[in-house]
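Structural description and commentary
In case you want the letters, here they are:
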Amino acid sequence: MRSGDKSFNDKLVSKTVLPAIYLWLLASGAVVYTGIMKPDVVLQNLDGFIALIAIIGGIAAPAFNTLLRTWEAEQANEVSDMESQFTANRLEDTLEHEHRMFLEKQDNAHRVDMERNPPKDYCEEGGTCLLEEGED
């Protein structure tokens, strides 16, 4: 449905929003892991860990929500365009089929005509040539 080219928004999201989201997830995961493995370190530096997650999350959370809303809108547009795309594809297939049938009909008529009225120097597949009477 979509072409292989990325739009400006796709490039912008991949260069700015996605790294912020990944950094937020990585930092959150690191805090949880550290909290499980070394709870005393997290409890001593709890304000620092909360600030770290909040600072990164302040950028990443709204960007993530915007990313999801944009993706949902894009999916809705693709779904709404499906009917017209299917109709266009069906029409194209029908026209192509009619064209092929027309060409086959012409080819068949030409073959029948050639069998009934061969040209003067027409040679059959077996190698025998048909000549007009009186010609050698």
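The structure we're discussing is the one just above.
So, here is what we can say about the structure in this document. (Residues numbered from 1 in each chain as written. Predicted model: local features only at pLDDT ≥ 70, side-chain atom pairs only at ≥ 80, totals over all residues. Heavy atoms only, no water.)

1. Focus: a nonpolar patch on the surface
- Judged by side-chain polarity, Val32, Tyr33, Ile36 and Met37 come together as a nonpolar surface patch covering roughly 460 Å² of accessible area.
- Judged by its relative accessible area of 53%, Tyr33 falls in the exposed class. (Patch = residues over 30% accessible without salt bridge, like charges linked within 9 Å, V, L, I, M, F, W, Y side chains within 5 Å. Areas by Shrake-Rupley, 256 points an atom, 1.4 Å probe, with all protein chains shown as cover. Salt bridge = Lys/Arg side-chain N within 4 Å of Asp/Glu carboxyl O. Buried < 20%, exposed > 50% of the residue type's maximum accessible area, 1.4 Å probe, protein only.)

2. Re the pattern of salt bridges
- By the definition in use, this model includes 2 salt bridges.
- A salt bridge links Arg100 to Glu96, with the nearest nitrogen and oxygen atoms 2.9 Å apart. A residue pair is termed a helical-turn pair when its members lie 3 or 4 positions apart in one helix, as Arg100 and Glu96 do in helix H3 (residues 46-116) at 4 residues.
- Note on Arg100: relative accessible area 53%, which makes it exposed.
- Owing to a relative accessible area of 38%, Glu96 belongs among the partly exposed residues under this scheme.
- Among the salt bridges present, the one from Asp107 reaches Arg111, with a minimum N-O distance of 3.1 Å. (Helix = DSSP H or I, 4+ residues; strand = E, 2+ residues; numbered from the N terminus.)

3. A short note on the packing of helix H1 (residues 8-37) against H3
- Between H1 and H3, whose axes approach to 8 Å, the crossing angle comes to 140 degrees. Here H1 is positioned oblique relative to H3, judged by the angle of their axes. Our pair here, H1 against H3, has a crossing hand that is left-handed. Touching Val13, Val17, Leu18, Ala20, Ile21, Leu23, Trp24, Ala27, Ser28 and Val31 of H1 are Phe49, Leu52, Ile53, Ile56, Gly57, Ile59, Ala60, Ala61, Ala63, Phe64 and Leu67, all from H3.
- Of the residues assigned to the contact of H1 with H3, the class counts are 19 nonpolar, 2 polar and no charged. (Axes fitted to C-alpha atoms, helices over the stretch in contact; angles between N-to-C directions. Parallel < 35°, antiparallel > 145°, perpendicular 65-115°, else oblique. Left-handed = near helix turned anticlockwise from the far one by under 90°. Contact = heavy atoms within 4.5 Å. Nonpolar A, V, L, I, M, F, W, Y, C, P; charged D, E, K, R; others polar.)

4. Some remarks on H1
- A rise of 1.5 Å per residue sets the reference length of H1, with its 30 residues, at 44 Å; its end C-alpha atoms lie 43 Å apart and thus fit the reference within 8%.
- Maximal helix bending in H1 amounts to about 40 degrees, located at Ser14.
- Looking at the buried residues of H1, the elements they touch are helix H2 (39-44) and H3. (Expected span 1.5 Å × (residues − 1). Bend = angle between axes of the 7 residues up to and from the residue.)

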